[in-house]
Structure formats: C-alpha cells, structure tokens
Amino acid sequence: MDLRIFTEPQQGADYETLLTVAKATEDLGFDAFFRSDHYLHMGGVDGLPGPTDAWITLAGLARETRRIRLGTLMTAGTFRLPGVLAIQVAQVDRMSGGRVELGLGAGWFEEEHKAYGIPFPKEKLARLEEQLAIVTGLWKTPVGETFSYAGDFYQLTDSPALPKPAQPKVPVLVGGLGATRTPRLAAAYADEFNIPFASLEDSARQFGRVREAAEAAGRAGGDLVYSNALVACVGKDDAEVARRAAAIGREVAELKENGLAGSPAEVVDKIGRYREIGSSRIYFQILDLDDLDHLELISSQVQSQLG
C-alpha cells in the first residue's frame, strides 16, 4: 500500500509552508507529495496569504526534493490550454529527474473562475477528453515527427510536440464518481484511477465500472492503479484526535465516518478495508499544514504497518 500526502494550499499556505511539508513527506518515507489546483479558498477560512499556482509550486519542489513523486489531484482542465499544460508538465518532469504525475480533471469550482476571470465552459467533460488526447498525444509523438489534432474545442497543426518529459511515460490520473464517461476516459487515458472522499461501497462500485470499461477498451482491468483520497485526522489518543479535528473545523464522528480518523490502529484497519476492494494507494488529505507531528505519527504508526 503506497501512502501519499495530499495538500489543499488554497485554504491558506504559501510556498515556504508547502516546501516544509514536502521535505517532511520525503524525510518521513512517504511515496509522494500531491497538491490541489485551486485559486480560491473554500469554507470558513480566509485563505491567507492567497493562492499558489500548482505547477509553479511543483517546479520549485522538483529542485528541492530528490525522491518523492510530485503531482496534482487534480489539475483543472479549465485553467490551462492542453498544449501549454503538456509543456509545463514535461518541463517540471525534467526538472525533477522524472518524478512527476499528472492528475487531470474537468474543473468544477465556478466561483474561483469568476474571481479570477477564467472562462467556465458548459462542456467541461467533452473538453477534458480532448485535453487528455492532446497532452498524451504530444508526449507520445516521436522526436522529429509532428502532432496534429482536429477537435471540437482544440486544434493543433504540425506541432513539434516538444519538449519531452524525462520519463518515458508520465503517469496520468483520472478520477471521480461519474458512472459512464469517467470510467471510459480512465480506460482510454489513465494509468491510475482515483476516487476522492468516497465510502467503501461507492469506491468498490466505481472501481468495478472502471475495470469493466478497461476490459471493453482492450485493457486488463488490473492495468490501472486504483487509489483513494481521504481526509486524515490521526491521534495517539482520543484527546489528540479531538484536538486535530477542532483545528480543521470538523467533528470526530464525521471524520471517522468519512475519512481516516482515530487512533493509528483504527486508521490501519480502515485502510485495510480499502485495500480489500482493490485500492493500492492512499492519499492522506492533510488540512493543517503546520502540524508536522501529524505526519510523523502517520509515518511511524500507520505507514510502518502498511509498507
């Protein structure tokens, strides 16, 4: 079971905070540091000092870390043209020595688009399908050949399809709970399928749909990595769990129902249940980025039992 750290910097974190968390992620033996791709805070926080850009952040972390994988859950397809995104990700992959992964989603948070003047189209999933085809197509085009694409939303003519990533293939993540189109997109383009903040029952159902879609597309269902992202609130005792829940404005009972909360033993047990339905990778959503002791506890008391 791979354990990864997943952050939500739009809730209030600058680059220096993210760098500190990424270095702790590496030092404590976690597999990867991922971040969201949002420009506006959510809920009852002020978001200060303001948003950081996902790929600028990851470019900096690429030069400051040596081992951990780096990526997004999920890059918003509405934020970037696919040709530009392919260049950005390939460059950061080279800067990291081949440690980048691209989670790409349709984009959903309309308010942040209004706040920063970003168009919010109605046909987001259709655009996402073209974006996936373009980004992966540009990377797969042999050096010396060109790539062209004629879609309803994007047209590329004789692109040199450069630069290339350092990795022969940058892992692509697709995710979500859509019943039909999402599994089909995962089957066509994804190396990993991720489900955010879902129950065991919903996860098992969606993993099954993706496996069926993969097989219908001529792939083995086991070709993909299946993963879950879940909020984390782990404590060595009830008082510490309660303190960490209060720090992120959540209730312990709700966190135990919907996330990975409680004692290390409780969290290990729940991760085991996700493993039983086919999940082999867990993204711990860490909301209090100043609490590095939380990461150390997860590393020493949870990861040590699952590695």
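Predicted model only: the values in this text are computed from it and were never measured. (Residues numbered from 1 in each chain as written. Predicted model: local features only at pLDDT ≥ 70, side-chain atom pairs only at ≥ 80, totals over all residues. Heavy atoms only, no water.)

K.L.:
What exactly am I supposed to notice about the layout of surface pockets here?
P.N.:
A probe matching the size of a water molecule, rolled over the atoms, marks out where space remains unfilled. One number sums up the size of the largest pocket: a volume of about 890 Å³. Taken together, 41 residues make up the lining of the largest pocket; nearest its centre are His 38, Leu 73, Trp 108, Pro 196 and Phe 197. Partitioning the lining of the largest pocket into residue classes produces 19 nonpolar, 17 polar and five charged. (1 Å grid on protein atoms, 1.4 Å probe; cavity = no way out; pocket = protein on both sides within 12 Å on 5 of 7 lines; lining within 4 Å. Points joined across faces, edges and corners; volume = space filled by probe spheres on them. Nonpolar A, V, L, I, M, F, W, Y, C, P; charged D, E, K, R; others polar.)

K.L.:
Any chance you could explain the pattern of salt bridges here in plain terms?
P.N.:
For side chains bearing opposite charge, pairing can occur when the charged atoms are close. One pass over the full model with this rule turns up 21 salt bridges. In this structure, Lys 114 and Glu 111 form a salt bridge, with 3.7 Å as the shortest nitrogen-oxygen distance. Remark: Glu 111 and Lys 114 occur in helix H4 (residues 110–116); sequence separation between them is three residues, near one turn of the helix. Since its relative accessible area comes to 43%, Glu 111 is described here as partly exposed. Overlapping salt bridges bring together Lys 236, Glu 240, Arg 243, Arg 244 and Asp 291 as one network. (Salt bridge = Lys/Arg side-chain N within 4 Å of Asp/Glu carboxyl O. Helix = DSSP H or I, 4+ residues; strand = E, 2+ residues; numbered from the N terminus. Buried < 20%, exposed > 50% of the residue type's maximum accessible area, 1.4 Å probe, protein only.)

K.L.:
What am I meant to see in the packing of helix H1 (residues 15–27) against helix H2 (residues 54–64) here?
P.N.:
When two helices pack together, their arrangement is given by the angle between their axes and by how far apart the axes lie. Orientation of H1 relative to H2, taken along the N-to-C sense of each, is 45°, at an axis distance of 10 Å. By the criterion of interaxial angle, the relationship of H1 to H2 is oblique. For the element pair H1 and H2, the recorded crossing hand is right-handed. Contact residues: Tyr 15, Leu 18, Leu 19, Ala 22 and Lys 23 in H1; Thr 57, Gly 60, Leu 61 and Glu 64 in H2. Residues belonging to the contact of H1 with H2 are distributed by class as follows: five nonpolar, two polar and two charged. (Axes fitted to C-alpha atoms, helices over the stretch in contact; angles between N-to-C directions. Parallel < 35°, antiparallel > 145°, perpendicular 65-115°, else oblique. Left-handed = near helix turned anticlockwise from the far one by under 90°. Contact = heavy atoms within 4.5 Å.)

K.L.:
What am I meant to see in the pairing of strand S9 (residues 192–196) here?
P.N.:
Two faces belong to every sheet, and in a regular strand the side chains alternate between them. Summarising burial for S9: four of the five residues are buried, a large majority. One ladder, built from three bridges, connects strand S8 (residues 172–175) with S9; its direction is parallel. Along S9, the bridge assignment pairs Leu 173 with Glu 192. After leaving S8, the chain enters helix H6 (residues 181–189) and then returns to the sheet as S9, a path that is right-handed. (Pairing = 2+ DSSP bridges. Right-handed = clockwise from strand over helix to strand, strands pointing away.)

K.L.:
Explanation requested: the side chain of Lys 270 in the structure shown.
P.N.:
As for its position among the elements, Lys 270 is in helix H10 (residues 264–276). One polar contact links the side chain of Lys 270 to the main-chain carbonyl oxygen of Lys 256, over a distance of 2.9 Å. The contacts of Lys 270, once residues within four sequence positions are left out, are Lys 256, Glu 257, Asn 258, Gly 259 and Leu 260. (Polar contact = N/O pair within 3.5 Å; in protein donor to acceptor, adjacent residues only side chain to side chain.)

K.L.:
When you look at the packing of aromatic side chains in this model, what are you seeing that I'm missing?
P.N.:
By convention here, two paired aromatic rings are described through the distance between centres and the angle between planes. The tally for this structure, following the rule as stated, stands at six aromatic pairs. In textbook terms, an aromatic cluster arises when at least three aromatic residues are bridged by ring pairs, as seen for Tyr 39, Phe 79 and Tyr 116. Sitting over the face of the ring of Tyr 226, Arg 211 holds its NZ or CZ atom 4.5 Å from the ring centroid. (Phe/Tyr/Trp six-rings, centres within 6.5 Å; stacked < 30°, edge-to-face > 60°. Lys NZ or Arg CZ within 6 Å of the ring centre and 35° of its normal.)

K.L.:
Please explain the packing of H6 against helix H7 (residues 200–216) as it appears in this structure.
P.N.:
Where H6 meets H7, the axes come as close as 8 Å, and the angle between the chain directions of the two elements is 50°. With respect to each other, H6 and H7 are oriented oblique. Pair H6 / H7 crosses with right-handed handedness. Contact residues: Thr 182, Pro 183, Arg 184, Ala 186 and Ala 187 in H6; Gln 206, Arg 209, Val 210, Ala 213 and Ala 214 in H7. Its residues assigned to classes, the contact of H6 with H7 comprises six nonpolar, two polar and two charged.

K.L.:
I would appreciate a short explanation of the pairing of strand S12 (residues 281–286) in the present structure.
P.N.:
Of all six residues that make up S12, six are buried, and the element is covered over most of its length. Where burial is concerned, the two faces of S12 agree: the one with Arg 281, Tyr 283 and Gln 285 and the one with Ile 282, Phe 284 and Ile 286 are both buried. Strand direction decides the pairing type here: strand S1 (residues 2–7) and S12, joined by six bridges, are parallel. Across the sheet, Phe 6 pairs through a bridge with Gln 285, a residue of S12. The sheet contact formed by strand S10 (residues 225–234) and S12 spans five bridges and is parallel. If you follow Val 231 over to S12, its bridge partner there is Gln 285.

K.L.:
Looking at this model, I keep getting lost on H7. Mind explaining?
P.N.:
Two residues of an α-helix separated by three or four positions point the same way, owing to the 3.6 residues in each turn. Along its 17 residues, H7 runs 24 Å from first to last C-alpha, staying within 8% of the 24 Å computed at 1.5 Å per residue. Every buried residue of H7 is listed here: Leu 200, Ser 203, Gln 206, Phe 207, Val 210, Ala 213 and Ala 214. What you see down the axis of H7 is that its buried residues fit within an arc of 150°, all on one side. Turned more than 90 degrees from where H7 packs its buried face, Glu 201, Glu 212, Glu 215 and Ala 216 sit exposed. Packing partners of the buried residues in H7 comprise H6, S9, S10 and H10. Of the residues one or two after H7, Gly 218 is the one with positive phi, at around 90°. (Expected span 1.5 Å × (residues − 1). Arc of directions from axis to C-beta.)

K.L.:
Sorry if this is basic, but what is going on with the environment of Leu 185 here?
P.N.:
In this structure, Leu 185 sits in helix H6. When its relative accessible area of 2% is taken as the criterion, Leu 185 is described as buried. Each C-alpha atom of the pair Leu 185 and Leu 58 lies 25 Å from the other, and the pair is 127 residues apart in sequence. Beyond its immediate sequence surroundings of up to four residues, Leu 185 is in contact with Leu 128, Glu 129, Leu 132 and Ala 190.

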